[in-house]
Amino acid sequence: MIKILLGCDGFGEDLKNAIKTHLLSRNKEYEVIDYGCCEYYKASATVATELKKLLERNETAFGMLFCGTGMGVSIIANKFEGISAATCENERAVRCARAISDANILCLGGKFTSSEDGIKMADAFLDQEFVQPPKSCEVSTPEWWSEDVENFLKTSKEGIAQVLAAQK
């Protein structure tokens, strides 16, 4: 069962609630864990910490964070090791965040994202896989996607780890 961890501040609460309702209504096996509404930095820390624990146990899990812009929750969540939080403005960006960056937390802005668009983006986030061409209703595979891109992505996490280790 895929676990989906949710958290928000007051500016993202309505969007979080709309997406939560949608996810609970889906036929897929999701366990939605809602950490409620609090300051954006506390929501981010809670979801990032709990997601990290699940991933360390090799559980399939994702996070979704909501604030006014999506940027504040993303900045804080990305401070946690093992977390790749992406602020996205549209479905295409969401799919690329998963396909290219293997984002494990989707961050959305309640002041700029409608419930309808947010639901589409949440579905895209959960549907898209890493190192797979971003899915789109317009094109089956983007013209820029290639075997070279896939080979690069398959080694990108090791490259990132090396860069981060050199910083210590």
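My aim in this report is to walk through the structure given alongside it, one point at a time. (Residues numbered from 1 in each chain as written. Predicted model: local features only at pLDDT ≥ 70, side-chain atom pairs only at ≥ 80, totals over all residues. Heavy atoms only, no water.)

### Here we look at the packing of aromatic side chains
Remark: the centre distance and the inter-plane angle together describe each pair of aromatic rings, the angle taken between the planes.
Phase 1 of the analysis: The tally for this structure, following the rule as stated, stands at two aromatic pairs.
Phase 2 of the analysis: Consider the rings of Tyr-40 and Tyr-41, whose centres lie 5.4 Å apart with planes at 80 degrees: the pair is edge-to-face.
Phase 3 of the analysis: Classification of Tyr-40 by relative accessible area gives partly exposed; the value is 35%.
Phase 4 of the analysis: Overall, the relative accessible area of 40% leaves Tyr-41 in the partly exposed class. (Phe/Tyr/Trp six-rings, centres within 6.5 Å; stacked < 30°, edge-to-face > 60°. Buried < 20%, exposed > 50% of the residue type's maximum accessible area, 1.4 Å probe, protein only.)

### Observations concerning unusual backbone geometry
Phase 1 of the analysis: Here Asn-58, not a glycine, exhibits a phi torsion of approximately 60 degrees, which is positive.
Phase 2 of the analysis: Within the secondary structure, Asn-58 sits in the loop between helix H2 (40-56) and strand S3 (61-67).
Phase 3 of the analysis: Here the phi dihedral of Asp-102 falls at roughly 55 degrees; this positive angle occurs in a residue that is not glycine.
Phase 4 of the analysis: For Asp-102, the position within the fold is in the loop between helix H4 (91-101) and strand S5 (105-109).
Phase 5 of the analysis: With a relative accessible area of 18%, Asp-102 lands in the buried category. (Helix = DSSP H or I, 4+ residues; strand = E, 2+ residues; numbered from the N terminus.)

### Quick look at the nonpolar core
What tends to happen in soluble globular proteins is that the nonpolar side chains get buried as a cluster.
Phase 1 of the analysis: Core analysis: the biggest nonpolar cluster contains 23 residues, and Ile-19, Leu-23, Met-64, Phe-66, Phe-125 and Leu-126 have the highest contact counts within it.
Phase 2 of the analysis: Of all hydrophobic cores here, the second largest spans 15 residues; its members include Leu-65, Ile-83, Ala-85 and Cys-107. (Core = buried A, V, L, I, M, F, W, Y, C linked by side-chain atoms within 4.5 Å.)

### Observations regarding the pattern of salt bridges
Phase 1 of the analysis: Applying the stated criterion across every chain, the model contains twelve salt bridges.
Phase 2 of the analysis: Linking Asp-34 and Lys-20 is a salt bridge whose minimum nitrogen-to-oxygen distance equals 3.1 Å. Pair noted here: Asp-34 is in strand S2 (residues 30-37) and Lys-20 is in helix H1 (residues 13-25), with a separation of 14 residues, a long-range link.
Phase 3 of the analysis: You can call Lys-20 partly exposed: its relative accessible area is 26%.
Phase 4 of the analysis: Its salt-bridge partner being Lys-42, residue Glu-39 comes within 3.6 Å of it at the nearest N-O pair.
Phase 5 of the analysis: Under the relative-accessibility criterion, Glu-39 is labelled partly exposed at 36%. (Salt bridge = Lys/Arg side-chain N within 4 Å of Asp/Glu carboxyl O.)

### Things to note about the packing of H1 against helix H5 (residues 115-127)
Phase 1 of the analysis: Interhelical geometry of H1 versus H5 gives an angle of 55 degrees and a closest axis separation of 9 Å. In terms of orientation, H1 and H5 fall into the oblique class. For the pair H1 and H5, the sense of crossing is right-handed. Between H1 and H5, the contacting residues are Leu-15, Ala-18, Ile-19, His-22 and Leu-23 on the first element and Ser-115, Gly-118, Ile-119, Ala-122, Asp-123 and Leu-126 on the second.
Phase 2 of the analysis: Class assignment of the residues belonging to the contact of H1 with H5 gives a composition of seven nonpolar, three polar and one charged. (Axes fitted to C-alpha atoms, helices over the stretch in contact; angles between N-to-C directions. Parallel < 35°, antiparallel > 145°, perpendicular 65-115°, else oblique. Left-handed = near helix turned anticlockwise from the far one by under 90°. Contact = heavy atoms within 4.5 Å. Nonpolar A, V, L, I, M, F, W, Y, C, P; charged D, E, K, R; others polar.)

### Some points on the pairing of strand S1 (residues 2-8)
Phase 1 of the analysis: When you tally the buried positions in S1, you get six out of seven residues, the bulk of the element.
Phase 2 of the analysis: In this structure, S1 lies alongside S3, joined through six bridges in parallel fashion. Across the sheet, the residue bridging to Lys-3 is Ala-61, located in S3. (Pairing = 2+ DSSP bridges.)

### A word on the pairing of S5
Phase 1 of the analysis: In terms of burial, S5 is largely enclosed, as five of its five residues are buried.
Phase 2 of the analysis: Neither face of S5 is exposed, since Ile-105, Cys-107 and Gly-109 on one face and Leu-106 and Leu-108 on the opposite face are all buried.
Phase 3 of the analysis: Examined bridge by bridge, S3 and S5 share five bridges and lie parallel to one another. By the bridge assignment, Met-64 is partnered in S5 with Leu-106.
Phase 4 of the analysis: Across three bridges, the pairing between strand S4 (residues 85-87) and S5 is parallel. When the sheet's bridge partners are listed, Ala-86 is paired in S5 with Leu-106.
Phase 5 of the analysis: For the crossover that starts at S4, traverses H4 and ends in the parallel S5, the hand is right-handed. (Right-handed = clockwise from strand over helix to strand, strands pointing away.)

Remember that the coordinates give geometry; whether it matters functionally is a separate question.
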